[in-house]
Amino acid sequence: MPFIPHTEKDVAEMLASIGAKTIEELFDEIPGELISGQLTGVPPGLSEMEITRLMMERATTDGFYQNFIGAGAYEHHIPAAVWQITTRGEFYSSYTPYQAEASQGTLQLLYEYQTMMASLTGMDVSNASMYDGATALAEAALMAVRSHKTSRRILIPKTVHPVYRQVVRAIVSNQKIEVVELPFNTQTGQIEPESLSEFADEEFAALVIPQPNFFGVLEQVDALTDWAHSKNAFAIGVINPTALALLTPPGEWGNKGADIAVGEGQPLGIPLSSGGPYFGFMACKDALVRQMPGRIIGRTTDLDNKPGFVLTLQAREQHIRRSKATSNICTNQGLMVTAATIYMSLVGPDGLRRIAAQSHANTLELVEQLEKINGVKRAFSGPVFHEAALTLPAPVTEVLSRLKQKGILGGLDLQGHYPELGNTVLICATETKTPDDLQNYAGALQQVLG
């Protein structure tokens, strides 16, 4: 709050009315050893000018780098209008609509967002967002198990983001759901549909299909989706929304399309802000809508035949009986969704296609330049979107450290997550990179490798 509205007299009157002499007496049930006392480590207050100077000095200690790291969080250009509009009072103060129908502006924005995401993913319906991509995948796994009814096993490829896999295990493991990991082809960086034959006699509630996968490689989504359906399992797509401007949407994978689509919405107008906040998205086929967590906004007409917006489905325990709740999601990351909706509205379908195409072209150009350096080669032969894994002739940790000294964040060391890949780095180039940026990276890597 910008100020505390109660005067000392107000506080004294409130304490007197409940029979307490002081604030401390009001909270006397707190054990003494838990009370911190005076905040002796807090420095004296600073003026506006002083605090501005301090924060600018601290910001500069982070340095200014050319960023070639992706791995689930991407540096895209965000038009200035996106956050100028998002932070207007009308949007900034409208978050979770507890008196929903009184917040027609908020509901309309969420309705427009759902419409855009359903169109982008090729699915029947979208909810009003999740915490982030990782928890959205976990919710999709729970949703598949509830809908399948006979199996409590989920098949997840190792090409899915390793953090996503960790989050899924953390959330579903205590609900007696088994997560089975599917190995990938170390030559192509993909899941080979033929490798699924070893699971032919096993039952699964769902198969998770990343597109593109963690290595930036495009999976054979049609064959994988059809295999899942042939096993009476659900197909869960984990997707990059920017890539969908160019790639076949999950709703059109295989003969029937994926059943659930989830992912991270950060590429849609959310800046890289020291780790967040982000937001997840989820879309599904009509048949599963009753199992979808979160909330769904609908459009209707009132008694005067005027259009209006309502909370159509509400799946959390605050709104319905706890035994029927599908999730305890307590927020819809409304501000991030607002920014994403405005971003998609301003950029439009053609703009999103140009962004995706330029990102793809920049990555291919960067890979081509880096492969000219002795000992540098692509780790996988599969086609990529805007990320690629490269094998280096030197320890990746040392190479990245020396690149950082030259003002370049050169990528993500994959050895911690995939030790079998050895000295492999994951690089990313989006539409924000110029030809000079790509040449600068190549020149710096050439110097580092000597």
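Residues numbered from 1 in each chain as written. Predicted model: local features only at pLDDT ≥ 70, side-chain atom pairs only at ≥ 80, totals over all residues. Heavy atoms only, no water.

Caption draft 1: The sheet that holds strand β11 (residues 377-378), seen in detail. Strands sit in the order β11-β12-β15-β14 across an open sheet of 4 strands; the sheet is antiparallel. On the outer flanks of this sheet lie β11 and β14 (412-413), each paired with one strand and no other. Taken together, the 2 bridges between β14 and strand β15 (residues 424-428) define a ladder with antiparallel strand orientation. If you follow Asp-413 over to β15, its bridge partner there is Val-425. (Pairing = 2+ DSSP bridges. Helix = DSSP H or I, 4+ residues; strand = E, 2+ residues; numbered from the N terminus.)

Caption draft 2: Inspection of the pairing of strand β12 (residues 387-391) at higher detail. Counting buried positions along β12 yields 4 of 5 residues, so the element is predominantly enclosed. In terms of strand pairing, β11 meets β12 through 2 bridges, oriented antiparallel. When the bridges of β12 are listed, Lys-377 appears paired with Thr-391. Relative to β15, β12 runs antiparallel, the two sharing 5 bridges. (Buried < 20%, exposed > 50% of the residue type's maximum accessible area, 1.4 Å probe, protein only.)

Caption draft 3: Inspection of the environment of Ile-373 at higher detail. Within the secondary structure layout, Ile-373 lies in the loop between α10 (334-370) and β11. Note on Ile-373: relative accessible area 5%, which makes it buried. C-alpha of Ile-373 to C-alpha of Gly-443: the two residues are 70 residues apart in sequence and 9.3 Å apart in space. Those residues within four positions of Ile-373 in sequence are excluded, and the remaining contacts are Ala-442, Leu-445, Gln-446 and Leu-449. (Contact = heavy atoms within 4.5 Å.)

Caption draft 4: Spatial organisation of empty space enclosed by the protein. Under the counting rule described, the total for this entry stands at 4 cavities of 30 Å³ or more. Size it by volume and the largest cavity reaches roughly 260 Å³. If you trace the largest cavity, you find 21 residues lining it, with Gly-72, Tyr-74, Tyr-164, Pro-212 and Val-238 closest to the centre. When residues of the lining of the largest cavity are traced back to their parent elements, those giving at least two are β6 (234-239) and β7 (260-264). Its residues placed into classes, the lining of the largest cavity shows 12 nonpolar, 7 polar and 2 charged. (1 Å grid on protein atoms, 1.4 Å probe; cavity = no way out; pocket = protein on both sides within 12 Å on 5 of 7 lines; lining within 4 Å. Points joined across faces, edges and corners; volume = space filled by probe spheres on them. Nonpolar A, V, L, I, M, F, W, Y, C, P; charged D, E, K, R; others polar.)

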